[in-house]
Amino acid sequence: MIRQAKFLSVLCSLLIFSVTAIADAPLFAEVSKTPGLRWKKVTIPIAFSNSLIKTNPAVRPESDIQGAVRRSLDAWETVANIDFQVIWTDKLSVSPAGNAGDGTSLVTIAQTPENLLVFGGESAEISARTRVFFNRKGEISEADIILNPYQQFSTDGSAGTFDFESTLTHEIGHLLGLDHSSIIGATMNEHQGKNGIFNLSSFSPRTLSEDDISQIRAIYGARDEDDCCGAIDGKISLSNGKAAKGFNLWLEESETGRVVLGSKINPDGSFLLKGLPARKYQIYIQDSASNFSGQDLGEIEITKGRTTNLLRKIILSPRNFDAQFSGFNGQLSNLAVPINSGKSYLIYVGGKNLNPEDLKIGTTSPFITVSNGNFTKYDYGKEISVFSFENKNSGGNSGRRLYDLFAE
Ligand SMILES: [Zn+2]
C-alpha cells in the first residue's frame, strides 16, 4: 500500500546544532571520488601531531585532547570491524595534494604553509579537512586530517569554538572512506555548528547515529555480528518510466520511527543499502528539490545475511508548500533541532506557503506527540512564512534519535 504524506522535512533529534551551517568538503585526492573507498587492511595506522597538545592559539587551554582522540577512535572501533594503531609524532604538515601521499596518515592543527593551503578563501570558516589518497580499486593508502588553525577548538563546550571531539569523529569517518550523509543529524552530515547556539554545546556529533553506524558497517562489517547485517537492493522509477534520479530515500525503524539509514538514489534509479540491523523498516522517498510530496513506500523486513529486493514505481503529487527551516526560540536553521526525553518544545518551522490552517502536523514516532490546532504564526517578512507548534518527547533518553514530522 502506498500512503501519501506531504513531508515537512522537520527532523527532531537529541542533536545540538547551530544556526550557522558550516560545510566541510572532504578532499578525495586529485581524482574524482570513486564509490566504495576502503582500507584494505583493517588495522589502520594513524599519527597524531604533537601540535594538537602543545600550546596553540587554535586549541583552548586545558582541553582534554588526548581523551577526545581516544573517544573519537573508539566511537568507530566499537561498531565496525576496524582497529586503529595510534602514534604521536612531531610531524606538523600533511602530504601535499597529488596522487601519492608520504605514507603517514597525519592528524594535525599546526599553522604551517602546507596545512593553511586548504583553508584559503571561503574555506577559512570550515572546521577541518580530510584528504584521502587511494588507488584505482578504491583502496585507501593514506588519509590526512587538518583541523583549521584559523579556528579555535575546545572540549568543554566553550561558546564560539568548535567541539574538538565532534569535529574529529566526523573527519575520522572521512579517513575511513565515508562521504557526507544525507541524514540531518548524522555525525557525517556536512553541517556542523559551533558551541553556543541556543546556549547549548555542540556535543551530539560525538555519538554516532544509526545512519553513521550502518554506513561504516556496510564497508567493514560489524564488530559484533549478533543482529547485523542485511541489505536492500532496489530500483525506484517514476510513473512516466523515468528513474527517480537524485531522490533521497530513507528508512525508519517501524517500531520506533527512528531514522536508521538514508541514501541518494543513483542516476539510473537504483540504490543499495547495506549494514542494516535485521528489523522491520518503513521506507520513505522525497525528491531533493522538495517540489513534490514525500512518499511512504511501505514496510520491508530485513533479514541477517540476506539482500532484500525492492522495486517501486511512484506517482508524484506536486505540493504548494516548502518547509525549509526549523528551530527554537525564534531562531531558524536548516539543521536538526535538539529535543530531550520528557520535555515539551515549541518548534518553529519556516518556508514557503506555510499556512498552519491548511496543515496537519504528524509524527512517525510513538514517543513524540504534536498538538495540532495550537499553531502560532509569526511575521518574518514577505519572503518566508513562519509558525510554531508544540511538541513533546516521551521517549527514553538512550542514544540519539531522529524522527520525522510530516504535514498532510
Ligand atoms: Zn565532512
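How each quantity is defined
- Residues numbered from 1 in each chain as written.
- Predicted model: local features only at pLDDT ≥ 70, side-chain atom pairs only at ≥ 80, totals over all residues.
- Heavy atoms only, no water.
- Helix = DSSP H or I, 4+ residues; strand = E, 2+ residues; numbered from the N terminus.
- Contact = heavy atoms within 4.5 Å.
- Areas by Shrake-Rupley, 256 points an atom, 1.4 Å probe, with all protein chains shown as cover.
- Core = buried A, V, L, I, M, F, W, Y, C linked by side-chain atoms within 4.5 Å.
- Buried < 20%, exposed > 50% of the residue type's maximum accessible area, 1.4 Å probe, protein only.
- Salt bridge = Lys/Arg side-chain N within 4 Å of Asp/Glu carboxyl O.
- Expected span 1.5 Å × (residues − 1).
- Pairing = 2+ DSSP bridges.
- Axes fitted to C-alpha atoms, helices over the stretch in contact; angles between N-to-C directions.
- Disulfide = S-S within 2.5 Å.
- Patch = residues over 30% accessible without salt bridge, like charges linked within 9 Å, V, L, I, M, F, W, Y side chains within 5 Å.
- Parallel < 35°, antiparallel > 145°, perpendicular 65-115°, else oblique.
- Left-handed = near helix turned anticlockwise from the far one by under 90°.
- Nonpolar A, V, L, I, M, F, W, Y, C, P; charged D, E, K, R; others polar.

Participant: Give me the lowdown on the overall build of the chain, citing residues and values where you can.
Facilitator: Assigned secondary structure in the chain consists of four helices and 26 strands. Contacts spanning at least 24 positions in sequence make up 73% of the contacts within the chain whose residues lie at least 6 apart. Carbon and sulfur atoms form 49% of the exposed surface of the chain, whose accessible area is close to 17400 Å².

Participant: Provide a residue-level description of the nonpolar core, including the pertinent values.
Facilitator: In terms of nonpolar packing, the biggest core is built from 40 residues, with Trp76, Phe84, Phe164, Ile172, Leu175 and Leu176 touching the most fellow members. When residues of this core are traced back to their parent elements, those giving at least two are β5 (43-49), α1 (65-77), β8 (128-134), β9 (139-147), α3 (164-175) and α4 (210-220). Broken down by element, the residue count for this core peaks at six residues, all from α1. The contact partners of Leu176, leaving out residues within four places of it in the chain, are Leu37, Arg38, Trp39, Ile44, Trp76, Ile82, Phe84, Ile140, Ile216, Ile219 and Tyr220.

Participant: Got a sec to walk through the pattern of salt bridges? Specific residues and values, please.
Facilitator: If you walk through the whole model with that rule in mind, you get nine salt bridges. Across the salt bridge formed by Asp102 and Lys91, the nearest N and O atoms sit 2.6 Å from each other. Highlighted residues: Asp102 in the loop between β6 (83-89) and β7 (106-108) and Lys91 in the loop between β6 and β7, separated in sequence by 11 residues. On the basis of relative accessibility, which here comes to 27%, the residue Lys91 falls in the partly exposed class. Of the charged contacts in the structure, one is a salt bridge between Glu253 and Arg279, with a shortest N-O distance of 2.5 Å. Pair noted here: Glu253 is in strand β14 (residues 248-253) and Arg279 is in the loop between β16 (270-277) and β17 (280-286), with a separation of 26 residues, a long-range link. A residue is classified by how much of its surface remains accessible, and Glu253, at 10% relative accessible area, is buried.

Participant: Outline α3, listing residues and values.
Facilitator: Over its 12 residues, α3 extends 16 Å from the first C-alpha to the last, a length consistent with the 16 Å expected when each residue adds 1.5 Å. α3 sits mainly inside the fold: 12 of its 12 residues count as buried. Turning to α3, its buried residues are Phe164, Glu165, Ser166, Thr167, Leu168, Thr169, His170, Glu171, Ile172, Gly173, His174 and Leu175.

Participant: Before we move on, could you go through the sheet that holds strand β25 (residues 385-393) and cite the residues and values that matter?
Facilitator: Pairing within the open sheet is antiparallel, and its four strands lie in the order β20-β22-β25-β24. This sheet does not close on itself; its edge strands, each paired only once, are β20 (322-327) and β24 (368-378). On average, adjacent strands in this sheet sit at an angle of 30° to one another, irrespective of strand direction. Pairing geometry for strand β22 (residues 343-352) and β25, over nine bridges, is antiparallel. In the sheet register, Val349 faces β25, and the bridge partner there is Phe387.

Participant: Could you give an account of the state of the cysteines, naming the residues involved and the relevant values?
Facilitator: Under the counting rule described, the total for this entry stands at one disulfide. One disulfide in the model links Cys228 with Cys229; its S-S distance is 1.8 Å. The sign of the S-S torsion, about 85°, decides the handedness of the disulfide formed by Cys228 and Cys229: right-handed. Residue Cys228 is classed as buried on the basis of its relative accessible area of 2%.

Participant: Explain a nonpolar patch on the surface residue by residue, including any values.
Facilitator: Taken together, the side chains of Ile53, Val86 and Trp88 make up a nonpolar region of the molecular surface, amounting to roughly 230 Å² of accessible area. Its location among the elements puts Trp88 in strand β6.

Participant: I'd like to hear about the packing of α1 against α3, residue by residue, with values.
Facilitator: A pair of packed helices is captured by two measures, namely the crossing angle of their axes and the spacing between those axes. Where α1 meets α3, the axes come as close as 9 Å, and the angle between the chain directions of the two elements is 40°. Taken together, α1 and α3 sit at an angle that is classed as oblique. In the crossing of α1 with α3, the sense of the turn from one axis to the other is right-handed. Residues Ile65, Ala68, Val69, Arg71, Ser72, Leu73, Ala75 and Trp76 of α1 pack against Phe164, Glu165, Leu168, Thr169, Ile172 and Gly173 of α3. Here the contact of α1 with α3 is built from residues that sort into nine nonpolar, three polar and two charged.

Participant: Could you give me a rundown of the pairing of β16, with the residues and numbers involved?
Facilitator: Within β16, six of the eight residues are buried, which leaves it mostly tucked inside the rest of the structure. Sheet analysis places strand β13 (residues 228-238) next to β16, joined by six bridges and oriented antiparallel. Paired with Lys235 across the two strands is Ser270, which belongs to β16.

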